[in-house]
Amino acid sequence: MFVKTTDPNDPNLILSPLADPVAGAIFANAEVAGLASESLINATLKEEKEPLLVGKVVSVTPQRTHSSPTRRGCRVDVDTETDANEIARYEVQISPEMHIMERDLFSAAHLLIEKSTKGDTSAQMAAKMPKVIYINLLGYILRKTNTDMVQPFKVMYTKPPSEVAIPKFGGYNIQLPRLLEMKEPDFASDLYCWCYTLYTAHLENKTVQEVVAMTPGLQAFADRDAGFRQFIDRYETVSADPETRREYAMWFDEALREEGMLAWARQEGRDEVEQKLLDGVRSMKEQGIPIEAIKIAFPTLADEIETL
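Parameters and conventions
Numbers given to residues run from 1 along each chain, matching the order in which its sequence is written. Given that the model is predicted, a residue must reach a pLDDT of at least 70 before its local features are reported, and side-chain atom pairs must reach 80 or more before they are shown or counted; all residues, however, enter totals for whole chains, interfaces and linings. Here the side-chain values reflect all heavy atoms present in the structure, with hydrogen atoms and water set aside. Working definition: with a 1.4 Å probe on protein chains only, accessible area under 20% of the residue-type maximum means buried, over 50% means exposed, and in between means partly exposed. Strands here are runs of E lasting at least two residues and helices are runs of H or I lasting at least four, both read from the DSSP assignment and numbered beginning at the N terminus. One bridge is not enough; two strands pair if DSSP finds at least two bridges between them. By convention, a stacked pair of Phe, Tyr or Trp rings (six-membered ring in the case of Trp) has centres within 6.5 Å and planes under 30 degrees apart, an edge-to-face pair has planes over 60 apart, and any other such pair is tilted. Between N-to-C directions, angles cover 0 to 180 degrees, with each direction set by a line fitted to C-alpha atoms, over the stretch in contact for helices. Oblique is the label for any angle not covered by the other classes, which are roughly parallel (under 35 degrees), roughly antiparallel (over 145) and roughly perpendicular (65 to 115). Whether two residues are in contact is decided by their heavy atoms, any of which lying within 4.5 Å being enough. Residue polarity follows a fixed list, in which Ala, Val, Leu, Ile, Met, Phe, Trp, Tyr, Cys and Pro are nonpolar, Asp, Glu, Lys and Arg are charged, and the others, Gly among them, are polar. Salt bridges are identified by distance alone: a Lys or Arg side-chain nitrogen within 4 Å of an Asp or Glu carboxyl oxygen. In this tally, Lys and Arg are treated as positive and Asp and Glu as negative; His is ignored, and so are the chain termini. Side-chain atoms alone can form a polar contact between residues adjacent in sequence; in general such a contact is a pair of N or O atoms within 3.5 Å, and within protein one must be able to donate a hydrogen while the other accepts it. One fewer than the residue count of a helix, multiplied by 1.5 Å, yields its expected span. Disulfides are defined as cysteine sulfur pairs within 2.5 Å. The term nonpolar core refers to a set of buried residues drawn from Ala, Val, Leu, Ile, Met, Phe, Trp, Tyr and Cys, joined through side-chain atoms within 4.5 Å.

Looking now at the pairing of strand β3 (residues 86-93). A regular strand places its side chains on the two faces of the sheet in alternate fashion. When you tally the buried positions in β3, you get eight out of eight residues, the bulk of the element. Every second residue of β3 is oriented toward a common face, with Glu 86, Ala 88, Tyr 90 and Val 92 on one face and Ile 87, Arg 89, Glu 91 and Gln 93 on the other, all of them buried. Alignment of β3 against strand β4 (residues 131-138), held across eight bridges, turns out to be parallel. Its bridge partner being in β4, Glu 86 is matched across the sheet by Lys 131.

As C-alpha cells, then:
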C-alpha cells in the first residue's frame, strides 16, 4: 500500500477503509451503519449459500473490548447484533495473523461468559449463547492449500456422518488477495463488490468514491443495495473527520514500524538459515566430498562454496 503522506492535515491523505480506526468510525452504530453492516453480513452468507441474517439489526458496536477475571482480554473490531439473538463479529486484519482462528475461539469464550450468570449450568449457558458468526476480512492468505477467496469454518465431528458439533459457532475467513487471482471480475456477486471496493481502495490508495466511480459494476451494486450506499456515504463522512484522520495517521505510522520490525525479523531468520547451510557445506568439504557435488546439494550457495 503506497501512501503519499501521513499528515492528518494534508488534504491529499487518503484513508484506507481497512484500517482499524476507519472501519470503527464507519460502523459507529446501528443508526448510521445498520444497513451497511447487514449488507456485508448477508453478502457473505449468500456467497456460501447459508441462511441470511435473521432479524433486524439492533446494535452495531465498534472496537468492543472484552474484559476477563484473568485480565486476558480481547478486542473485536465490530459487533453487529440482531433481535433474533445473533451476533456477527467482524475482524479486519491486514498484517499476517496466523492465529486468527484461535482469537475467534477466545472471543467466543468471552461472549459465553458475558451472557451467563453465576450458578448457571452448562445447559443454561448454552441456551443463552447467541448464534455467533465471525467474518474475518484478511489482507493476506491464511489457507494456502485452497484457492477460494472465502473459507468457511465450523466445529465439526471428525468421524462420519459429517455433522456440526457446535451449531451456534462458525464463520468465514475472507482472503482478499485471492481477488487478484480471479480470471474475471464478478460484480454480480454482492460479496465480490464489497471485497473489490475495500481491497482496491486499500491497495491503490484510492478513496471508496474513486473506486466506485471508475467501476460500472460497483455503480450498479450501489444503485440496488442501500447498505452499500450507506457504507460509501459513511466513508466520505469519516474521511473528513479530523479525529479519525489523526487516529488513522497514528495507526499507519505504527503499522510501518511493525512492518519494519517484521522485515528485520525475517532477515534475521534468513541469515540464521544461511549460516546453517554454510556450516553444512564446510562439513561436506571436510569429509572430502567433491566441490561439484556440494554445489548440486546447495545450488543457492554456489559462489560461497568456491570461497570457503
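Structure's up, so let's keep going.
Now for the packing of aromatic side chains. In this structure the tally under the stated criterion is 13 aromatic pairs. Seen in terms of ring centroids, Trp 194 and Phe 231 are 4.9 Å apart; in terms of plane orientation they differ by 50°. Their pairing is tilted. Here the residue Trp 194 occupies a position in helix α5 (residues 190-204), and Phe 231 occupies one in helix α8 (residues 226-239), the gap between them amounting to 37 residues. Its relative accessible area of 0% is what places Trp 194 among the buried residues. Of the residues examined, Phe 231 reaches a relative accessible area of 1% and is grouped as buried. An aromatic cluster is defined as three or more aromatic residues linked by ring pairs; in this entry it consists of Trp 194, Phe 221, Phe 228 and Phe 231.

With their axes 5 Å apart at the nearest point, helix α7 (residues 216-224) and α8 run at an angle of 110° to one another. If you check the angle between α7 and α8, you find them roughly perpendicular. Residues Leu 218, Phe 221, Ala 222, Asp 223 and Arg 224 of α7 touch α8, and the partners they reach there are Ala 226, Phe 228, Arg 229 and Ile 232. Here the contact of α7 with α8 is composed, by residue class, of six nonpolar, no polar and three charged.

Turning next to the pattern of salt bridges. Where side chains of opposite charge bring their charged atoms close, a pairing between them can arise. This structure, assessed with the given rule, holds 10 salt bridges. Residue Arg 89 pairs with Asp 79 through a salt bridge whose shortest N-O separation is 2.8 Å. Taken as a pair, Arg 89 in strand β3 and Asp 79 in strand β2 (residues 74-82) lie far apart in primary sequence, 10 residues in all. Like Arg 89, the residue Asp 79 is buried in the burial classification.

With that settled, consider the environment of Phe 231. The spatial distance from the C-alpha of Phe 231 to the C-alpha of Val 32 is 9.1 Å, given a sequence separation of 199 residues. If near-sequence neighbours (up to four positions away) are discounted, Phe 231 is found in contact with Pro 17, Ile 26, Ala 36, Trp 194, Thr 197, Leu 198 and Val 208.

With that settled, the discussion passes to the side chain of Asp 225. Its location among the elements puts Asp 225 in the loop between α7 and α8. At 6.2 Å, Arg 224 is the nearest oppositely charged side chain to Asp 225, a buried residue that forms no salt bridge. A polar side-chain atom of Asp 225 sits 3.0 Å from the main-chain amide nitrogen of Gly 227. Apart from residues lying up to four places away in sequence, Asp 225 is in contact with Ser 39 and Asp 190.

On to unusual backbone geometry, then. The peptide bond linking Pro 160 to Pro 161 adopts the cis configuration, its omega dihedral lying at 0°. Mapped onto the secondary structure, Pro 161 falls in the loop between β5 (150-154) and β6 (169-175). The backbone of Lys 49 sits at a positive phi, close to 55°, despite the residue not being glycine. When you line up the elements, Lys 49 lands in the loop between α2 (30-47) and β1 (57-66). By relative accessible area, Lys 49 is classed as exposed at 77%. For Asn 205, which is not glycine, the phi dihedral falls at a positive 55°. Take Asn 205: it is sitting in the loop between α5 and α6 (208-213). With relative accessibility at 10%, the residue Asn 205 sits in the buried group.

So, on to α2. Compared with the 26 Å implied by 1.5 Å per residue over 18 residues, the 24 Å span of α2 between its first and last C-alpha is a close match. Restricting attention to buried positions, one finds in α2 the residues Ala 33, Gly 34, Ala 36, Ser 37, Ser 39, Leu 40, Ile 41, Asn 42, Ala 43, Thr 44 and Leu 45. Positive backbone phi, at 55°, marks Lys 49, one or two positions downstream of α2.

The next subject is the state of the cysteines. This structure, assessed with the given rule, holds zero disulfides. Cysteine Cys 195 remains unbridged, with the sulfur of Cys 193 as its closest cysteine sulfur at 9.5 Å.

A few words now on the nonpolar core. Judged by nonpolar contacts, the single largest core of 52 residues is most densely connected at Val 22, Phe 27, Tyr 90, Ile 174, Trp 194, Phe 228 and Phe 231. Not counting chain neighbours up to four residues away, the residues in contact with Ile 174 comprise Thr 44, Ile 135, Asn 136, Leu 137, Leu 138, Met 149, Val 150, Leu 191 and Cys 195. Counting residues in each nonpolar core, the second largest holds eight residues, with Ile 87, Leu 111, Met 129 and Phe 169 among its members.

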